[in-house]
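# Chains, contacts and geometry: an overview
So the chains spell out like this:
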Amino acid sequence: MFKKILFATSATEASDHAARVAFNMATTLKAHINLFHVLGVPTRGFSQVVLDVKTKEKVEIDDEYIKWVEDEVKTYYANQLTDGIDASIKVAVGFPHREILRQAREIEPDLIVMGGSTGDESDSVYKATTGSTLQRVAKAAQCPIMVVNRPAASFWGGMSSIVFGTDFSKASDKAFDFALKAAGELGCEMNIFHALDISSSHMGFTLSQDEIEERIRKAYRVIRSRYVSKMEKKSNFSMDVWEGIPYVEIVKYAREKHADLIIMAHNSRKLDGDAPKIGSNMEQVIVRAGCPVISINR
Amino acid sequence: MPEGIFCNKKPVETEEELTALLGDTSGTQYYKEMKELDVDSKLLWTTIQNTCKSRIRTWLEICAHCGMCADSCFLYLVNDRDPKQVPAYKIQSTLGEIVKRKGKVDNEFMRMAMETAWAKCTCCNRCGMYCPHGIDMGIMFGYLRGLLYQQGFVPWEMKIGAGMHRVYRAQMDVSEEEFVETFQWMVEEYEDDYVGLTVPVDVENADIMYTVNAREVKHYPEDLAEAAILFHAAGENWTIPSKGWELTSLAMFAGDWAACKMQVESVYEAMERLKPKRMIGTECGHAHRATVVEGPYWAGRKDGRPPVESIHYIEWLAEALREGKLKIDPSKRIKQPVTLQDSCNYVRNHGLRETAREIVSYIVEPGYFRDMSPRKEHNFCCGGGGGFNGIGLFRPQRNKGLITKRDQIIATGAELVLAPCHNCWDAIRDLEEEYEIGIKWSFLKPLVISMLELPDHMKPEE
Amino acid sequence: MYEFITGFMFWLSLGVCLAGMLIRTVLYFRGLAWNLDRVAYKAYPKDGFNGAMRSIYKWLLPFGTHGWRKQPFMTVIFFCFHIGAVIVPLFLVAHNLFLEKKTGLSLFTINNSVADFLTWLVVASAILIVLRRIALPEVRIMTTWYDYLIILISVLPFITGLMARYEVGNYNFWLLAHILSGEILLLAIPFTKLSHVFLFFASRAQLGMDYGIKRGGLKGTKMAW
Ligand code: SF4
Ligand code: SF4
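Residues numbered from 1 in each chain as written. Chains lettered and ligands numbered in written order. Predicted model: local features only at pLDDT ≥ 70, side-chain atom pairs only at ≥ 80, totals over all residues. Heavy atoms only, no water.

## Quick word on the interface of chain B and chain C
- Listed per partner, the contact involves 54 residues of chain B and 51 residues of chain C.
- Taken together, the two surfaces of chain B and chain C that pack against each other cover about 4,500 Å², and 58% of this comes from carbon and sulfur.
- By the criterion of area lost to chain C, the three top residues of chain B are R55, H65 and Y297 of chain B, representing 16% of everything that side buries.
- Taken together, chain B and chain C are joined by seven salt bridges.
- Linking chain B with chain C are 31 residue pairs in polar contact (both at pLDDT 80 or more), by the criterion used here.
- Of all the elements in the fold, those that place two or more residues in the side of chain B that touches chain C are α3 (41–51), α4 (54–62), α6 (87–100) and α15 (285–298) of chain B.
- In terms of residues, the side of chain B that touches chain C owes the most to one element, α4 of chain B, which gives six residues.
- In terms of residue class, the side of chain B that touches chain C is built from 23 nonpolar, 16 polar and 15 charged. (Contact = heavy atoms within 4.5 Å. Buried area = accessible area lost by both parts, 1.4 Å probe. Salt bridge = Lys/Arg side-chain N within 4 Å of Asp/Glu carboxyl O. Polar contact = N/O pair within 3.5 Å; in protein donor to acceptor, adjacent residues only side chain to side chain. Helix = DSSP H or I, 4+ residues; strand = E, 2+ residues; numbered from the N terminus. Nonpolar A, V, L, I, M, F, W, Y, C, P; charged D, E, K, R; others polar.)

## Focus on the pairing of strand β11 (residues 261–265) of chain A
All names here are of chain A.
- Taken across its five residues, β11 has five buried, putting it largely inside the fold.
- Burial along β11 is two-sided: the face carrying L261, I263 and A265 and the face carrying I262 and M264 are both buried.
- Where strand β8 (residues 161–166) lies against β11, four bridges are found, and the strand directions are parallel. Across the sheet, the residue bridging to F164 is I263, located in β11.
- Direction of pairing for β11 relative to strand β12 (residues 293–296): parallel, over a ladder of four bridges. Each residue of the ladder has a partner; that of A265, found in β12, is I296. (Buried < 20%, exposed > 50% of the residue type's maximum accessible area, 1.4 Å probe, protein only. Pairing = 2+ DSSP bridges.)

## Structural notes on unusual backbone geometry
- With omega at -10°, the peptide bond leading from S373 of chain B into P374 of chain B counts as cis.
- Residue position: P374 of chain B is located in the loop between α18 (355–363) and α19 (395–412).
- One non-glycine residue, K275 of chain B, adopts positive backbone phi at about 45°.
- Looking at the secondary structure, you find K275 of chain B in the loop between α14 (257–274) and β3 (278–281).
- Although it is not a glycine, E167 of chain C sits at a positive phi angle of roughly 50°.
- Turning to its location among the elements, E167 of chain C is positioned in the loop between α10 (145–165) and α11 (171–191).
- Given a relative accessible area of 54%, E167 of chain C falls into the exposed group.

## Re helix α12 (residues 196–214) of chain C
- Most of α12 of chain C is tucked away: 16 of the 19 residues are buried.
- At the C-terminal side of α12 of chain C, G216 of chain C shows a positive phi close to 110°.

## Topic: the sheet that holds strand β5 (residues 338–340) of chain B
Residue and element names in this part refer to chain B.
- Taking strand neighbours across the sheet as the criterion, the three strands line up as β5-β6-β7 in an open arrangement whose pairing is parallel. Whereas interior strands pair on both sides, the edge strands pair on one side only; in this sheet they are β5 and β7 (440–442). Direction aside, the axes of adjacent strands within the sheet are offset by 25° on average.
- As paired elements, strand β6 (residues 416–418) and β7 share three bridges and run parallel to each other. By the bridge assignment for β7, V417 is matched with W441. (Axes fitted to C-alpha atoms, helices over the stretch in contact; angles between N-to-C directions.)

## Concerning the UniProt feature "domain: Cysteine-rich" (unreviewed entry) in chain B
- On the UniProt side, "domain: Cysteine-rich" (unreviewed entry) is annotated at positions that read residues 338–424 of chain B here.
- Helix makes up 40% of residues 338–424 of chain B and strand 7%. Its end C-alpha atoms lie 16 Å apart. (UniProt positions renumbered as here; feature names shortened; annotations may be inferred.)

## Quick notes on the packing of helix α6 (residues 72–91) of chain C against α10 of chain C
All names here are of chain C.
- It is at 12 Å that the axes of α6 and α10 come closest, and there the two elements cross at 60°. Relative to α10, α6 is oriented oblique. In this structure, α6 crosses over α10, and the sense of that crossing is left-handed. Listed contacts from α10 to F81, G84, A85, V88 and P89 of α6 are S154, V155 and F158.
- Here the residues of the contact of α6 with α10 are counted per class, giving six nonpolar, two polar and no charged. (Parallel < 35°, antiparallel > 145°, perpendicular 65-115°, else oblique. Left-handed = near helix turned anticlockwise from the far one by under 90°.)

## Here's the deal with the packing of α3 of chain B against helix α8 (residues 137–150) of chain B
Residue and element names in this part refer to chain B.
- Packing of α3 against α8 brings their axes to within 10 Å, and their N-to-C directions diverge by 145°. As α3 packs across α8, the resulting crossing turns out to be right-handed. Along its contact with α3, which presents L43, L44, T47, I48 and T51, the element α8 presents Y143, L147 and Q150.
- For the contact of α3 with α8, a count of residues per class yields five nonpolar, three polar and no charged.

## Examining helix α12 (residues 222–233) of chain B
Residue and element names in this part refer to chain B.
- Taking 1.5 Å of rise per residue, the twelve residues of α12 would be expected to cover 16 Å, and the 16 Å separating its terminal C-alpha atoms lies within 8% of that figure.
- Among the twelve residues that make up α12, twelve are buried, leaving the element largely enclosed by the rest of the structure.
- Taken as a whole, α12 has its buried residues at E222, D223, L224, A225, E226, A227, A228, I229, L230, F231, H232 and A233.
- In the segment just after α12, G235 is the residue with positive phi, at about 70°. (Expected span 1.5 Å × (residues − 1).)

## Comments concerning the sheet that holds strand β4 (residues 309–311) of chain B
All names here are of chain B.
- Strand order in the open sheet formed by four strands is β2-β1-β3-β4, with parallel pairing between adjacent strands. Each of the sheet's edge strands pairs with one partner strand only, and the pair in question is β2 (238–239) and β4.
- Of the pairings in the sheet, the one linking strand β1 (residues 208–211) to β2 comprises two bridges and is parallel in character. Its bridge partner being in β2, M209 is matched across the sheet by T239.
- On top of the sheet, α14 reaches β1, β2, β3 and β4; it is set at about 155° to β1, its chief contact.

## Section: the environment of V293 of chain B
- Position of V293 of chain B among the secondary structure elements: in helix α15.
- In this structure V293 of chain B comes out as buried when scored by relative accessible area, which is 3%.
- Separated by 144 residues in sequence, V293 of chain B and I437 of chain B have C-alpha atoms that sit 34 Å apart.
- With near-sequence residues (within four places) excluded, V293 of chain B lies in contact with H288, N349 and H350 of chain B together with K214 of chain C.

## What to know about the domain arrangement of chain B
Residue and element names in this part refer to chain B.
- According to the domain assignment, chain B contains domain 1 (39–154), domain 2 (167–322) and domain 3 (330–450).
- Taken over C-alpha atoms, the centre of domain 2 sits 22 Å from the centre of domain 3.
- Contacts between the two partners involve 29 residues from domain 2 and, on the opposite side, 27 residues from domain 3.
- Around 2,500 Å² of area is buried between domain 2 and domain 3 when both sides are counted, 66% of it from carbon and sulfur atoms. (Domains from an automatic or database assignment.)

## Regarding empty space enclosed by the protein
Residues and elements named next belong to chain B.
- Counted by the stated rule, this structure contains seven cavities of 30 Å³ or more.
- Approximately 100 Å³ is the volume found for the largest cavity.
- Forming the walls of the largest cavity are 16 residues, and the residues nearest its centre are C73, K90, C121, C124 and C127.
- At the level of secondary structure, the elements contributing two or more residues to the lining of the largest cavity comprise α5 (74–78), α6 and α8.
- In terms of residue count, α8 provides more of the lining of the largest cavity than any other element does, three residues in total.
- Each residue belonging to the lining of the largest cavity can be placed in one class, and the counts come to ten nonpolar, four polar and two charged. (1 Å grid on protein atoms, 1.4 Å probe; cavity = no way out; pocket = protein on both sides within 12 Å on 5 of 7 lines; lining within 4 Å. Points joined across faces, edges and corners; volume = space filled by probe spheres on them.)

## With respect to the site of ligand 2
All names here are of chain B.
- Taken together, C73, F74, P87, K90, C121, T122, C123, C124, N125, C127 and G138 make up all the residues around ligand 2.
- Under a 2 Å grid-point criterion requiring more than half of the atoms, the pocket assigned to ligand 2 is the largest cavity.
- When the residues that make up the shell around ligand 2 are grouped by side-chain class, the tally is seven nonpolar, three polar and one charged. (Near = heavy atom within 4 Å. Sits in = over half its atoms within 2 Å of the grid points.)

## Considerations on the interface of chain A and chain B
- The interface is formed by 34 residues belonging to chain A together with 43 residues belonging to chain B.
- For the pair chain A and chain B, the summed buried area comes to about 3,400 Å², and 46% of that belongs to carbon and sulfur atoms.
- Connecting chain A to chain B are six salt bridges.
- Measuring nitrogen to oxygen at the nearest pair gives 2.6 Å for the salt bridge that ties K139 of chain A to D193 of chain B.
- Applying the counting criterion to the chain A and chain B interface returns eight residue pairs in polar contact (both at pLDDT 80 or more).
- Ranked by residue count, the leading element in the side of chain A that touches chain B is helix α3 (residues 96–107) of chain A, at six residues.

## Quick word on the UniProt feature "transmembrane region" (unreviewed entry) in chain C
Residues and elements named next belong to chain C.
- When the UniProt feature table is mapped onto this chain, "transmembrane region" (unreviewed entry) is found at residues 6–29, 76–97, 117–136, 148–166 and 172–191.
- Secondary structure within residues 76–97 divides into 95% helix and 0% strand; the distance between the first and last C-alpha atoms comes to 31 Å.
- Spanning residues 117–136, this segment combines 95% helix with 0% strand, and its end C-alpha atoms are found 28 Å apart.

As structure tokens, this is what we get:
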């Protein structure tokens, strides 16, 4: 299921948690890991000057510099890059989201792993492009994206509980197929979860308790017909529907279930240009969840 | 060492030479070699005799040294009215001297002339509007750049840029395959959200042939998708040429006229091959000027026009909005103070002063638009034109030059700057980075898409 | 002496001036190269002509262009100088009497007190122009002895004319000096920067054609000079 992992890294602490998960996966699943680092954003029209994302300095790019950065990345991950691991390193110049997507298109990985936040994105170089790197990669990538924002309690392979959050969209169906496959492969518990959105901003009016209960019942029915029917072979699963603000509920639920992984569909069609920090439901989950989150688009 | 390995009179012709030149980080060795480079006075003088005809000679002769052009030049104003920045002084002390001395000038003079031609003038042509005699120093600096280029006295990035056009027929190392591939990739990436999105390649007799700036392919390919979305939404019958798709010309900034000709002919060949009704170029100013305004002359076209009618992106956009081919959701119009950067290259130099304003009337909520002062054809250069943006050696001068635009923008009180020109867009981005005045800036495509009423057939189901 | 400078010298200088202007104007326009200038002059004669006329006309109007409005002081002294410098030599009664005697032709003439006033205006403006040259760093930097020489050549006839007019000292001396300086001026016109008296129109016409054809004219945009 995971033969090739694209690990998009900043080669700084910000990516450390993601690195741990990515390398663990690569080792356990005997997958190839491609360490991909975007070293800088081109500035200044057609000049050769690039803004180094790490040092925030303007540097002139040539082959030597790229080689040097490659070595830096190698040194940073010296501990993880042991003999047994099948790894490659690639350094590129450009806007991070675009280059990650370009690399993904080139090597067609089964999974992209990213850190939670790639630093200060209020930089003027980023401001002109809408949405954060994460949002843009999650929106456009052809494969699942795993985001690791906090130290993951357990690691891939030692997984016992997956939470699959659904909003019943088409993309969620895709995410379900993926979650089911992963749960099967990893032999862990599958927890299907739906949150009934009762935040007034979404509905425009408050629901009575009866209505809420009616909707919850309906949601269970949908889960049964859509998902449970496809799970003949699986016995260790559960399903729940809670009401509340979706991203809060799913994070609470994941904690209760001791989830090692949350799988969700990335649904937001539009990029929130003005508020990349607040972002979509997805991003809220990422910031809050105590475990890695996989986002699936298609 | 008269002719250097990197710095010499020979243009870059091959990929290997290009890579080697690029490998000379910041042009360190290049500029060192330049100090030794000989001036071929004979060649210089013959060239002048062959190409400097009555227009420029008269300009040089009748200049009254009255200084009325001083205030017109943003570089003069922003450099604390340094008399050495007066347009007439700048040209008289360079081109004027070369002509006077019949080409007998030395290396040091040529390096001074190079700095003047690329760091003290952006070829914005504003001064020409303020001289009573109609002396256009911008044009003369363009001419001077050609002489300097021929002698090898040209900034490193300019030599590379011109070389790119010679090798790739594009301003960056983007091949024909990469262009088409990237366009297709972008369309795939966006087709979920915009149903039916395609990119027709090399279709003959289409209504529109679309050409771009290689930077879009390389760094902001979203722009390609956005163009596709808008053409598709407007129901246009459009195509891209797999060859001859590059609208820009760094060769024009470099003064490499031979490369200018090669570049523009590649686009004209595409026009002749595909026979579109019209050619539309992306939101770029100098590119429009190179391919549509100056290009016909490089290619030797006596009527001064490209083989097929060629218009700027904003002309198409204004037309599509006017005719209702694209519909704007009025509730989504821009509701924040917004201003517009008029690009010298197609406003002053191609008369499109009302076009972007018409677009503004469709996409900005009434009451939110703030004009710059001066504006339209009298607007100042963004500060990064004519190649200024890209030259590392002259970065401090360029950053200083940005102050004019910064202050013009601040005076409007706008939070968003519409910049339908790659050079202006870059300059405004850089001025925000340099001076942090808290503005945003944008091309028109993404803004229009954000407020578009999509035709039903393009809406994703759900 | 008087005979010589009002006879042979007069004809010579006038002839050289007129022929020089004519030849240089023809050469100017023949030297315009559509491909080097990158303006398709011949392809759009009508647009070119309209553009040229607009460009000349706007700049002949005091405060008619952005450039003039931007520099009011310069505009005032410039027009004071040039109006006087064109009108007085052509339409002064004495000049026309002289001309009639020589050629049998004469032009419309102006009132003598108007002529006096204009002449003083020319001299005063010339002084201000010189002072401006010295005072403003952006003009000073470009100014050479040649610029002063040109100013001198062009005002000398006016100064000597005034001297003769008010009979300061020896009238005949001033008269001779006046005629001589006038002839020097005529001779200088085709060969010096004074060629701008006709090349101004040529150069303005050229830029007008450029804008009228290439830079927006064909798009229907009239340049806001
Ligand atoms: S305004 Fe014209 S005539 Fe006066 S100094 Fe400038 S270029 Fe020369
Ligand atoms: S073309 Fe523009 S930058 Fe160059 S001298 Fe004239 S006003 Fe200044």
